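Listed below, chain by chain, are the residues.
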Amino acid sequence: FANQNDKAVLKADGLASGNGVFICKSKQEIMGAANKLLQERIFGNASSLILAEELLEGQEVSIIGFSDGKIIRLFYPSQDHKRIFDNDSGANTGGMGAYAPVPFVSEKLLQEIKQKIMKPVINKMNEKRTPFVGVLYAGLMIVAGNPFVLEFNCRFGDPEAQVILPLLDSDILELMIACVEGKLLEKDIALKTGAATCVVMASGGYPDSYEKGKTINGLDEVAREKNVVVFHAGTKMENGKIVSNGGRVIGVTGFGKTIPDSINAAYSGVSKISFENMHYRRDIGKKALLRSA
Ligand code: GLY
């Protein structure tokens, strides 16, 4: 099942708490992973059946849209940063930051994604009389300019939502109502010009077991920043103070005319906020500066 480069991805078919994927870059690694899954049964019966696929190496992109079951309207493409450390190293997380739009998804590529991936899903589900109404999220890998589907979700992404929703220039409620009433064709989705970047500030220890209850400083100061919005993810109010209460604590979104402007705005916001043992990536948006996938 490996391609000619002896690279493959092996995955437990059942649920494995997000840990069931093995990225193998040699025959040896493939055999090792297959052994763990099928012989050692490290995930029990969840790995009695496994999936083996070609390893796709490229740029990941999240394509998210609203559908009324008949048509789909897309938000800006966005790019998540799933690894915990800079330069995409370390463990996988729920997402340590995102930016939008994605410069290497050209209008032509976006139309290709819409025609070849998003529309066929909506059309097929409609044909089967199970129309999909809501938010459709396609996680794609762009390899040498070509889109490949990694996953679908029926929700917004986190932290993708924190960059694509602020760039929406239409009334979101009107769009949602149009979806429910099957009238999305009557509505355009207007997007603001400019860019947004979100940096996630995480608790010490995340994505493994992490600390909670740390006082978050600087929220009043950052609220005065122009071009910055703070999204609370894992926080709570305790004795009149806002404290950390999750792994991904806060998302700081910066806006600008260009991606670099939005990166600067986001990190300016981040610099105002502090809590004990917090950590965050310093390279969110850097990949936007690459010319092509
Ligand atoms: N950020 C990835 C997701 O929400 O699935």
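Remember, it's a predicted structure, so these values are computed and weren't measured experimentally.

Engineer: Got a minute to help me understand the site of the ligand in this structure?
Structural biologist: In the vicinity of the ligand, the contacting residues are Asp80, Gly94, Tyr137, Asn153, Arg155, Gly157, Asp158, Pro159 and Glu160. Measuring from a nitrogen atom of the ligand, one finds a backbone N or O atom of Asp158 at 2.8 Å. Take Glu160: an N or O atom from its side chain is 2.9 Å from a nitrogen atom of the ligand. For the shell around the ligand, the residue count by class is two nonpolar, three polar and four charged.

Engineer: Quick question: what am I supposed to make of the pairing of strand E8 (residues 89–92) here?
Structural biologist: Consecutive side chains of a regular strand alternate in pointing toward one face of the sheet and then the other. Where strand E7 (residues 83–85) meets E8, two bridges bridge the pair, whose relative direction is antiparallel. Within the sheet, the bridge partner assigned to Arg83 lies in E8 and is Asn92. Remark: three residues form the turn of the hairpin made by E7 and E8, two consecutive strands paired antiparallel; Asn87 in that turn has positive phi of roughly 60 degrees.

Engineer: In this structure, what is going on with the nonpolar core? I would like to understand it.
Structural biologist: Within soluble globular proteins, side chains that are nonpolar tend to cluster in buried spots. Counting residues in each nonpolar core, the largest one holds 41 residues, and the members touching the most others are Ile63, Val105, Ile113, Met118, Met201, Ile250 and Ile273. Mapped onto this core, the elements with two or more residues apiece are strand E4 (59–68), strand E5 (72–74), helix H2 (107–127), strand E10 (133–143), strand E12 (195–202), helix H5 (219–223), strand E16 (248–256) and helix H6 (259–272). No other element matches H2, which puts seven residues into this core. If we skip the residues at most four places from it in the chain, Ile63 touches Leu74, Pro77, Leu110, Ile113, Met118, Leu136, Tyr137, Ala138 and Leu140.

Engineer: Which parts of the structure should I look at to understand the sheet that holds E5?
Structural biologist: Within a sheet, neighbouring strands are paired by backbone hydrogen bonds and run either parallel or antiparallel to one another. Strand order across the open sheet formed by four strands is E5-E4-E10-E11, with antiparallel pairing between neighbours. The two strands at the open ends of the sheet, each matched to only one other strand, are E5 and strand E11 (146–153). Adjacent strand axes in the sheet meet at a mean angle of 35 degrees, parallel and antiparallel pairs treated alike. Bridge analysis of E4 against E5 gives three bridges, and the strand direction is antiparallel. The partner of Ser67 across the bridge, within E5, is Ile72. On top of the sheet, H2 reaches E4, E5, E10 and E11; it is set at about 130 degrees to E10, its chief contact.

Engineer: Which parts of the structure should I look at to understand the sheet that holds E12?
Structural biologist: Read across the open sheet, the five strands follow the order E6-E9-E12-E16-E13; overall the sheet is antiparallel. Looking at which strands have only one partner, the edges of the open sheet turn out to be strand E6 (79–80) and strand E13 (228–232). In this structure, E13 lies alongside E16, joined through five bridges in antiparallel fashion. Across the sheet, the residue bridging to Val230 is Val252, located in E16.

Engineer: Help me understand the pattern of salt bridges in this model?
Structural biologist: Pairs can form between side chains of opposite charge once their charged atoms are near each other. Considering all chains together, one arrives at 14 salt bridges under this definition. Across the pair Glu238 and Lys236 runs a salt bridge whose closest N-O atoms are separated by 3.4 Å. For Lys236, a relative accessible area of 35% translates into the label partly exposed. Shared partners join several salt bridges into a network, and the residues in it are Asp88, Arg281, Asp283 and Lys287.

Here is what the cut-offs are and how they apply
- Residues numbered from 1 in each chain as written.
- Predicted model: local features only at pLDDT ≥ 70, side-chain atom pairs only at ≥ 80, totals over all residues.
- Heavy atoms only, no water.
- Near = heavy atom within 4 Å.
- Polar contact = N/O pair within 3.5 Å; in protein donor to acceptor, adjacent residues only side chain to side chain.
- Nonpolar A, V, L, I, M, F, W, Y, C, P; charged D, E, K, R; others polar.
- Pairing = 2+ DSSP bridges.
- Helix = DSSP H or I, 4+ residues; strand = E, 2+ residues; numbered from the N terminus.
- Core = buried A, V, L, I, M, F, W, Y, C linked by side-chain atoms within 4.5 Å.
- Buried < 20%, exposed > 50% of the residue type's maximum accessible area, 1.4 Å probe, protein only.
- Contact = heavy atoms within 4.5 Å.
- Axes fitted to C-alpha atoms, helices over the stretch in contact; angles between N-to-C directions.
- Salt bridge = Lys/Arg side-chain N within 4 Å of Asp/Glu carboxyl O.

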